Amino acid sequence: MQQLTVFMDIESSRSYMDELYSHDGARVVEALVTLKNTVIGSNRQKGSVIQQGIVPRLLQLMADETLDPNIRLEATITVGSLAKGTAENVAALVEQGTATVLVELLKTVPVESKLAEAVLCALRSVFLHPPAPVAALPADMRLLTRLTQIAREASPTARACVVRILSIWCGSPLEQEALCASGACAAVAAMLHNGRGSPPPARALPALDLLAAMCFENASVSQVAMNTRHNDRAIPELLTYLVSRDKPLPVAMGAARCLTYIHRADALTADDSRVVFGALPCLARLCTKEMPEEIRATAAETLAYLAEVDTSLQRLAAISNHLMSSLADIVNCNSAAAKQGAFKCFASLGANDEDIRKRIIETHGLMVHIVNGMNNPEPAVRLAAVRCLHSLSRSVQQLRTTFQDHAVWRPLMQLLSDSPETELLTVGSSTLCNLLLEFSPAKEPMLDQGAVEMLCNLTKRPEAALRLNGIWALMNMAFQAEQKVKQRILSCLGTEQMFRLLSDADTRVIMKTLGLLRNLLSTRQHIDAIMSEYSSQVMQAVIVVLEGSYPAEVKEQALCILGNLGDGEKAKDLIMANEDVLRKLVDYLAHPESKLQEAALFVAGNLVWRGEAGAAARQARLASLGVLRALQLLRARRDPHLHDKVKTALAQFNEFT
């Protein structure tokens, strides 16, 4: 039946299709009008025409400057109609070079002509179908200047079209800077200005979208926007006017989003009235139950971004317009975008303040929604739910109570075991770091579910953030852990991987690896048991760091590991047998960095502690290598920060003091 229908379409249209190739201009125009009327409103007819191979002829008619302007106009309108079809229709048009031909036409057609408007309408339809063919529009300054001229001077339809196209095209700093240089900020200001009234939404919304795309995470463009004026009104003033309650909801939403992006690009401070009394209360109002679900979803996500890094804005938002209950209601919405926005907003609000976290968690049923969110079929919802969980997991009190009551570790572990995307794995493993703190009741069941193996695998990932989270979580797991847990970590991680991590390009990874070693080598019994099996590897790791060109904080961790070893009964002998380490100890007692002197004092104090077997022999050996002399020099310096520790260490020496 499908084949027969297409055949009938072809047969019925054969006559006027053939006329498209006529040398008689009037017959071509008539055929174009017939074709245009045929495809309007019918995706089936659009598809049929595209399948018949008519598009190349239409593009040829559009581009031929020698033809009657009416032919070019009707051909362009017809292409624009085809571009309003299905995604498959648009993909076929793009594949045949439609976007490129339309962009080339914009370089030559008169700005005020009907043809320019038809070209822009067609190109807008093509761009509105993702993925937009952005490569067809080069960052050519002459072309962009022409387009911004259209945005300032052409018909309302042409202006709206060009701004919508540019807002979709503007996806990186290169495009942002190019548009800014071509005068796009001035064009936006002109479109947002409307004398004493408000610009119509059809004009304002594309302009707001373009401004948001240009300012997103771009400090220089945002600063230009701050200083751009139209009829003595700067863009921030125009935006603040548009966020008021009497403006159409999409316009207020768009203006608040622009103010948010300008703030996050550091062009507006967190205490600026346009943020505190403009963007923030507008977004909180747009989250309330009375608003359409789509607006609420966008408002929640934008508010999350606005308050993400500033504690004062988080606190202000938390008390604005019953926001907590509004967000709790948004989580109940059906759409994935709404759930995602609400989870993100909760995550931002609870990022830094314990009281806000407590209020969030006390919101009725929220933890159940978070657990359900981690099982949501939509990846974006799962990621937002984990972000929310990560923010709330910074609360010690909640780790011990609410998190345990809802066993949040179980869906999280399942989620991280299912080969998730890197971003989800990063946020999820950051949450694991908190869940594995020593006071968390989730620690034991997570061990049973294979947390050690999962985290060791993370340390082998190419992404530095994942290696950091893996080793950090292992460090937390090893703190005050049972010996069997420590042995399991060492066995799974392996000494080869340990050395790889100690030579990592990211200093934070090295720090946490040394922190893991330090936690493993705590408690006298554990120290001796581990060193009996891994002594050479541990000593080698410490020497590598002490002799290497590492920052002071890294060397401090290595010295602290030696200090822990000095507390072991048998491990002391390993240090005393290594003259290189002992000479390093003398060097660090005289180091200009106070933190390294203090760490070296910790080592020396444990090695010379009287009353333990072999203390006298160790003291004599250390004195002969210069440790006693170094301590005496430290005492002579009378450093108030180190005075008590030096005095305690010297007091351990018997006949030498």
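Higher on the page you've got the structure.
Residues numbered from 1 in each chain as written. Predicted model: local features only at pLDDT ≥ 70, side-chain atom pairs only at ≥ 80, totals over all residues. Heavy atoms only, no water.

K.L.:
Explanation requested: the overall build of the chain in the structure shown.
P.N.:
Looking only at helices and strands, the chain features 42 helices and two strands. Over its C-alpha trace the chain gives a radius of gyration of 34 Å, far above what one expects of a compact globule, namely 26 Å for 657 residues. Along the first, second and third principal axes, the C-alpha atoms of the chain reach 115 × 60 × 50 Å. Across the 657 residues in the chain, those meeting the buried criterion constitute 55%. Taking contacts inside the chain between residues at least 6 apart in sequence as the whole, the part at least 24 apart equals 68%. (Helix = DSSP H or I, 4+ residues; strand = E, 2+ residues; numbered from the N terminus. Rg over C-alpha atoms; globule rule 2.2 N^0.38 Å. Buried < 20%, exposed > 50% of the residue type's maximum accessible area, 1.4 Å probe, protein only. Contact = heavy atoms within 4.5 Å.)

K.L.:
Mind showing me how you'd approach the nonpolar core here?
P.N.:
It is characteristic of soluble globular proteins that their nonpolar side chains tend to be buried jointly. Residues Leu 239, Leu 562 and Leu 565 are the most contacted members of the largest nonpolar core, which totals 239 residues. With 11 residues, the top contributor of residues to this core is helix 35 (residues 524–547). (Core = buried A, V, L, I, M, F, W, Y, C linked by side-chain atoms within 4.5 Å.)

K.L.:
Would you mind going over the packing of helix 38 (residues 579–589) against helix 40 (residues 615–625) with me for this structure?
P.N.:
In a pair of packed helices, the angle between the axes and the distance between the axes together describe the arrangement. Relative orientation of the contacting elements helix 38 and helix 40 amounts to 65°, with a least axis distance of 10 Å. Relative to helix 40, the crossing made by helix 38 is right-handed. Each of Glu 579, Leu 582, Arg 583 and Val 586 in helix 38 lies in contact with helix 40, whose residues at this interface are Arg 621, Leu 622 and Leu 625. A breakdown of the residues in the contact of helix 38 with helix 40 according to their chemical character gives four nonpolar, no polar and three charged. (Axes fitted to C-alpha atoms, helices over the stretch in contact; angles between N-to-C directions. Left-handed = near helix turned anticlockwise from the far one by under 90°. Nonpolar A, V, L, I, M, F, W, Y, C, P; charged D, E, K, R; others polar.)

K.L.:
Would you mind showing me how to read the state of the cysteines here?
P.N.:
Structurally, a disulfide amounts to a covalent bond that connects the sulfur atoms of two cysteines. In this structure the tally under the stated criterion is zero disulfides. Take Cys 215: it sits in no disulfide, and the sulfur closest to it among the cysteines is that of Cys 185, at 5.9 Å. Assessed through its relative accessible area of 1%, Cys 215 is described here as buried. Looking at the unpaired Cys 282, the closest cysteine sulfur is the one in Cys 287, lying at 9.6 Å. (Disulfide = S-S within 2.5 Å.)

K.L.:
It is not clear to me how the side chain of Ser 348 should be interpreted in this structure. Could you clarify?
P.N.:
You can see Ser 348 is positioned in helix 21 (residues 336–349). Residues in contact with Ser 348, not counting those within four places in the same chain, are Ala 304, Ala 307, Glu 308 and Gln 314.

K.L.:
What's the story with the packing of helix 9 (residues 141–153) against helix 12 (residues 184–192) in this structure? I'm lost.
P.N.:
Between helix 9 and helix 12, the least distance of the axes is 8 Å, while the angle of their chain directions is 15°. Classified by the angle between their axes, helix 9 and helix 12 sit roughly parallel to one another. Crossing geometry of helix 9 relative to helix 12 is assigned as left-handed. Facing helix 9, whose interface residues are Thr 148, Ala 151 and Arg 152, helix 12 presents Ala 184, Ala 187 and Met 191. The residue inventory of the contact of helix 9 with helix 12, partitioned by class, reads four nonpolar, one polar and one charged. (Parallel < 35°, antiparallel > 145°, perpendicular 65-115°, else oblique.)

K.L.:
Sorry if this is basic, but what is going on with the environment of Ser 273 here?
P.N.:
Relative to the assigned elements, Ser 273 resides in helix 17 (residues 273–286). On the basis of relative accessible area, Ser 273 is assigned to the partly exposed category, the value being 42%. Each C-alpha atom, one on Ser 273 and one on Lys 484, is 58 Å from the other, the two residues being 211 residues apart in sequence.

K.L.:
Help me understand the environment of Val 371 in this model?
P.N.:
Looking at the secondary structure, you find Val 371 in helix 23 (residues 366–374). Using a relative accessible area of 17% as the deciding quantity, one classes Val 371 as buried. When the C-alpha positions of Val 371 and Leu 412 are compared, they lie 8.4 Å apart, and in sequence the two are 41 residues distant. Sequence-distant contacts of Val 371, that is, excluding residues within four places in its chain, are made with His 406, Val 408 and Pro 411.

K.L.:
Where do I start with helix 13 (residues 201–215) in this structure?
P.N.:
It helps to recall that an α-helix has 3.6 residues per turn; residues three or four apart then point in one direction. In this model helix 13 runs 20 Å from its N-terminal to its C-terminal C-alpha over 15 residues, within 8% of the 21 Å that 1.5 Å per residue would give. In terms of burial, helix 13 is a largely internal element, 11 of the 15 residues being buried. Turning to helix 13, its buried residues are Arg 203, Ala 204, Pro 206, Ala 207, Leu 208, Leu 210, Leu 211, Ala 212, Ala 213, Met 214 and Cys 215. Buried positions along helix 13 lie against helix 10 (156–169), helix 11 (173–181), helix 12, helix 14 (219–227), helix 15 (235–242) and helix 16 (249–264). Downstream of helix 13 by a residue or two, Glu 217 has a phi angle that is positive, lying close to 55°. (Expected span 1.5 Å × (residues − 1).)

K.L.:
Even after reading the chapter, I still don't get helix 7 (residues 98–106), so can you show me in this structure?
P.N.:
When we look at burial in helix 7, the residues that qualify are Thr 98, Ala 99, Leu 102, Val 103, Leu 105 and Leu 106. All buried residues of helix 7 project into a common sector of 155° when viewed along the axis, lining one side. For helix 7, the elements touching its buried residues are helix 4 (55–63), helix 5 (69–82), helix 6 (87–95), helix 8 (114–127) and helix 9. (Arc of directions from axis to C-beta.)

K.L.:
Sorry, what's going on with the packing of aromatic side chains here?
P.N.:
Ring pairs (aromatic) are described by centroid distance and by the angle formed between their planes. Taken as a whole and assessed by the stated rule, the structure comprises three aromatic pairs. On the numbers, 5.7 Å between centres and 85° between planes, the contact of Tyr 261 with Tyr 305 is edge-to-face. Of this pair, Tyr 261 sits in helix 16 while Tyr 305 sits in helix 18 (residues 293–307), placing them 44 residues apart in sequence. Relative accessible area serves as the criterion here: at 15%, Tyr 305 is assigned to the buried category. Grouping aromatic residues by their ring pairs yields a cluster made of Phe 216, Tyr 261 and Tyr 305. (Phe/Tyr/Trp six-rings, centres within 6.5 Å; stacked < 30°, edge-to-face > 60°.)

K.L.:
Explain the side chain of Ser 167 here, please?
P.N.:
Considering the arrangement of structural elements, one finds Ser 167 in helix 10. Reaching out from Ser 167, the side chain makes a polar contact with the backbone oxygen of Arg 164 at a distance of 2.7 Å. Apart from residues lying up to four places away in sequence, Ser 167 is in contact with Pro 206, Asp 209, Leu 210 and Ala 213. (Polar contact = N/O pair within 3.5 Å; in protein donor to acceptor, adjacent residues only side chain to side chain.)

K.L.:
Honestly, the pattern of salt bridges in this entry has me stumped. Any pointers?
P.N.:
Note on pairing: side chains with opposite charge can pair once their charged atoms come close. Inspection of every chain in the model, using the stated rule, returns 25 salt bridges. In this structure, Asp 209 and Arg 257 form a salt bridge, with 2.8 Å as the shortest nitrogen-oxygen distance. Separated by 48 residues along the polypeptide, Asp 209 in helix 13 and Arg 257 in helix 16 bring together distant segments of the chain. The partly exposed category is assigned to Asp 209, whose relative accessible area is 23%. Notably, a salt bridge pairs Arg 233 with Glu 237, separated by 3.6 Å at the nearest N-O pair. Each of Arg 164, Asp 209 and Arg 257 takes part in one network of salt bridges that share partners. (Salt bridge = Lys/Arg side-chain N within 4 Å of Asp/Glu carboxyl O.)

K.L.:
Would you mind showing me how to read unusual backbone geometry here?
P.N.:
Where the residue is not glycine, phi is negative for most of them; where a peptide bond is considered, it is trans in most cases. The linkage connecting Pro 130 with the following residue, Pro 131, adopts the cis geometry, with an omega of -5°. By the secondary structure assignment, Pro 131 is in the loop between helix 8 and helix 9. One non-glycine residue with positive phi stands out, namely Glu 217, at about 55°. Inspection of the secondary structure assignment puts Glu 217 in the loop between helix 13 and helix 14. The phi dihedral of Asp 266 is positive, around 70°, even though this residue is not glycine. Looking at where Asp 266 falls in the secondary structure, it is placed in the loop between helix 16 and helix 17.

K.L.:
Help me out: how do you make sense of the environment of Met 141 in this one?
P.N.:
Looking at the element boundaries, Met 141 is found in helix 9. Residue Met 141 is classed as partly exposed on the basis of its relative accessible area of 34%.

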